[in-house]
Amino acid sequence: MNRAVFLYVGVLLTVLLSFTGLVSIPEKQLGGLQPLVDADGTQYPVPPTGMVAEGRGVYIADGCIYCHSQQVRPEGFGDDIERGWGTRRTVARDHIYDSPPLLGTMRTGPDLANIAVRQPSENWHLLHLYNPRITSPGSNMPAFPFLFRKVPVEVQVPHDALSFPPGWEVPGYSVVPSRRAKALVAYLKSLDHSHPVPEVPQ
Amino acid sequence: MNAATSSDAAPAAAWRAEVDASCAYPVVAFFVSAVFWLLFGTVLALLASIKMHTPGFLSGAEWLTFGRVRPVHLNTMIYGWGSMAGVGTLLWLQARLSRVRLPLQLPLVVGCALWDLGVAGGSIAILTGHGTSVEWLEFPYGWSFLFAGIFVVVMAASLMMFSARRVGHVYVSQWYLFGAVLWFPFLYVMANALIHGALARGVVQAATNWWFAHNVLGLWFTPIGLATVYYLLPKVLGRPIHSYYLSLLGFWTLALFYNWAGTHHLVGGPLPAWLITVGIVGSVMMFIPVTTVAVNHHMTMKGHFALLKVSPTLRFIVLGAMSYTVVSFQGSLQSLRTVNEVTHFTHYTIAHAHLGVYGFFTMVMFGAIYYIAPRLTGREWSSPRLIKIHFWGTALGMAVYWIGLTWGGILQGLAMDNPDVAFLDVVRHTMPYLWSRTFAGVLMAVGHVAFAILVWRMFTLKGRRLPEPASAPVVAMAGGAQ
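So, here's what we can say about the structure.

The rules we used
- Residues numbered from 1 in each chain as written.
- Chains lettered and ligands numbered in written order.
- Predicted model: local features only at pLDDT ≥ 70, side-chain atom pairs only at ≥ 80, totals over all residues.
- Heavy atoms only, no water.
- Axes fitted to C-alpha atoms, helices over the stretch in contact; angles between N-to-C directions.
- Helix = DSSP H or I, 4+ residues; strand = E, 2+ residues; numbered from the N terminus.
- Parallel < 35°, antiparallel > 145°, perpendicular 65-115°, else oblique.
- Left-handed = near helix turned anticlockwise from the far one by under 90°.
- Contact = heavy atoms within 4.5 Å.
- Nonpolar A, V, L, I, M, F, W, Y, C, P; charged D, E, K, R; others polar.
- Buried < 20%, exposed > 50% of the residue type's maximum accessible area, 1.4 Å probe, protein only.
- Polar contact = N/O pair within 3.5 Å; in protein donor to acceptor, adjacent residues only side chain to side chain.
- Salt bridge = Lys/Arg side-chain N within 4 Å of Asp/Glu carboxyl O.

A few words on the packing of helix H9 (residues 287–301) of chain B against helix H10 (residues 312–335) of chain B. Residues and elements named next belong to chain B. Put simply, H9 and H10 touch, their axes get as near as 10 Å, and they point 155° apart. It follows that H9 is roughly antiparallel to H10 by the angle criterion. The two elements H9 and H10 cross, and the hand of that crossing is left-handed. Contact residues: Phe287, Val290, Thr291, Val293, Ala294, His297 and Met301 in H9; Leu314, Val318, Ala321, Tyr324, Thr325, Ser328, Phe329, Ser332 and Leu333 in H10. By residue class, the composition of the contact of H9 with H10 is 11 nonpolar, 5 polar and no charged.

Next up, the structure:
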């Protein structure tokens, strides 16, 4: 093969083909997806704002995606639904406001697409972030003590201090979540894909 | 090409020495940088691996949390070690095969220094909480402009050599190198613009992400790795590549199929079924180029396996080429929905990725540096013993790594697909395999330190002088490798 022009054209054509197939056409097909609006005017999904958006930033900065997915596989493919990770499979519409979408490729920890439904307690989330072994014995999730402040109890017990189960208290201190910890929990408590969608028949 | 006779051996050796001399500064710069990032990435790899089974390890500082250390490991290995070793090798191969002096030497050296700054800056950005959580594109958007700019210089140098080539025949390695320098910049710029520049929306960003990330291996590392094997195998053996036509078939089928494979990372995800199916078809079709290349390399090697004992270059590239075959077949099977249902989201995928980037590409790059460096410095490698430690540390480390996490990943996947097993029990079952990875990582790290010492001594000219000019089998190949 001695013709450089043949190489040029072939090499560019092959990559343009896959770009068209795997990127351009999907963008045509899915790029115009709109949120659903219920009869009472509520919209699904909604763009993340305020503390939720801030918490999404913490989720990204601390790399939660490397151990947690946010996608429920279809019924009959894996056991995501049987595990209670969701009531229906995830669809493209669930992620129209996610840039980038945090679908994830690893489940060292469980899927979080519907963690808000599964675990509504704010104190549980905070304890779990402060030290995952408190709520989930045997977990290999990292602790995030740097998202909390320790305040000596003699000063005062702040109203938002964590309430520990017996045996886990930090003697002499109360533990207070930082704004970033609260934002991250607000984000986790917003992860709810249970809203019905026309793509998945009930 | 005619077999060289004794009368034209001397001029051939002379132009080879001239080409090698022109490569010296840029290629050494890229190799030294690459080895630095290899060591740096190894430290992060060990940290991340230990944190997986001992989560309390160095967990007090946010910049050292697992979710930051892991992407820095990946990015320093991909953009630091792999790409820089790849660019050094690519430049030298293209100069040798085109029989021209390396152009743009100063811009390339400057580009190399800026590249180092880019990897360092991007890593600091991730560690300080500015990573993007887009896999394989974790450096913040701004850094991508720097890398894209340097890439223009590498692309220009490569294409200038190619168009000024003084050999009529275009050798198979040059097809692959030609592909690599055109494919990667396109992929990198498009992926950054669509994802970080948010030109695509929602899950289309995910499709773009995996189109890109899989092609970093498929259209960047793989062509450079195969070009290297296609060049060095006949060089070291002193015999031509088995079949020109198999080479041709292997190249074009790779170009056609590999870049469709990426969406197999999204099986079961919220994307149209056709898009996933296309990815699976692309993956399965990879059987053709992989079988072709495997047969071609094996038939070239046949009857010469005894040489593995004497040539470190050969040992590394043959191990690399064998890993390429295994990892590719594994990848094709893994893309099938029934297999993927178990292996997706588990450590099995991590083992697979390392067999590709490490077992194949990294091993080939080790082999390339063992071959190229003495020709740039005129010195021998200073210690056969360190080479041995390097080879066995990395080879055994890779084997333990792959076996442990492959097996552990299958068990993890089966348990996870069984709703009767509590999730924390799934986690507990993976522990021994996560420990085996740390053990494997220590073996690899020992190998890397031995290699770094060798490279340091090589480029500070500590080895014995080679007889001038650098000796190589003076047998010209039927395929025209020069």
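Below, the discussion takes up the environment of Ala227 of chain B. Residues and elements named next belong to chain B. Within the secondary structure, Ala227 is located in helix H6 (residues 203–237). For the pair Ala227 and Phe178, spaced 49 residues apart in the sequence, the C-alpha separation amounts to 9.8 Å. Not counting residues within four places of it along the chain, the set of residues in contact with Ala227 comprises Leu93, Ser173, Tyr176 and Leu177.

On to the side chain of Ser49 of chain B. Residue and element names in this part refer to chain B. Mapped onto the elements, Ser49 comes out in helix H1 (residues 6–53). Relative accessible area serves as the criterion here: at 5%, Ser49 is assigned to the buried category. A polar side-chain atom of Ser49 sits 2.8 Å from a polar atom in the side chain of Thr438. Leave out the neighbours within four places in its chain, and Ser49 touches Leu434, Arg437 and Thr438.

The next point concerns the pattern of salt bridges. A side chain of one charge can pair with a side chain of the opposite charge if their charged atoms are brought near each other. Scanning all chains against the criterion turns up 16 salt bridges over all chains. Across the pair Arg73 of chain A and Asp80 of chain A runs a salt bridge, and its minimum N-O distance is 3.6 Å. Comparing Arg73 of chain A with Asp80 of chain A shows no difference in burial state: the two are buried. Notably, a salt bridge pairs Asp20 of chain B with Arg96 of chain B, separated by 2.9 Å at the nearest N-O pair. One end of the pair, Asp20 of chain B, is in helix H1; the other, Arg96 of chain B, is in helix H2 (residues 66–98), with 76 residues separating them in the sequence. In this structure, Asp20 of chain B and Arg96 of chain B share a single accessibility class: buried.

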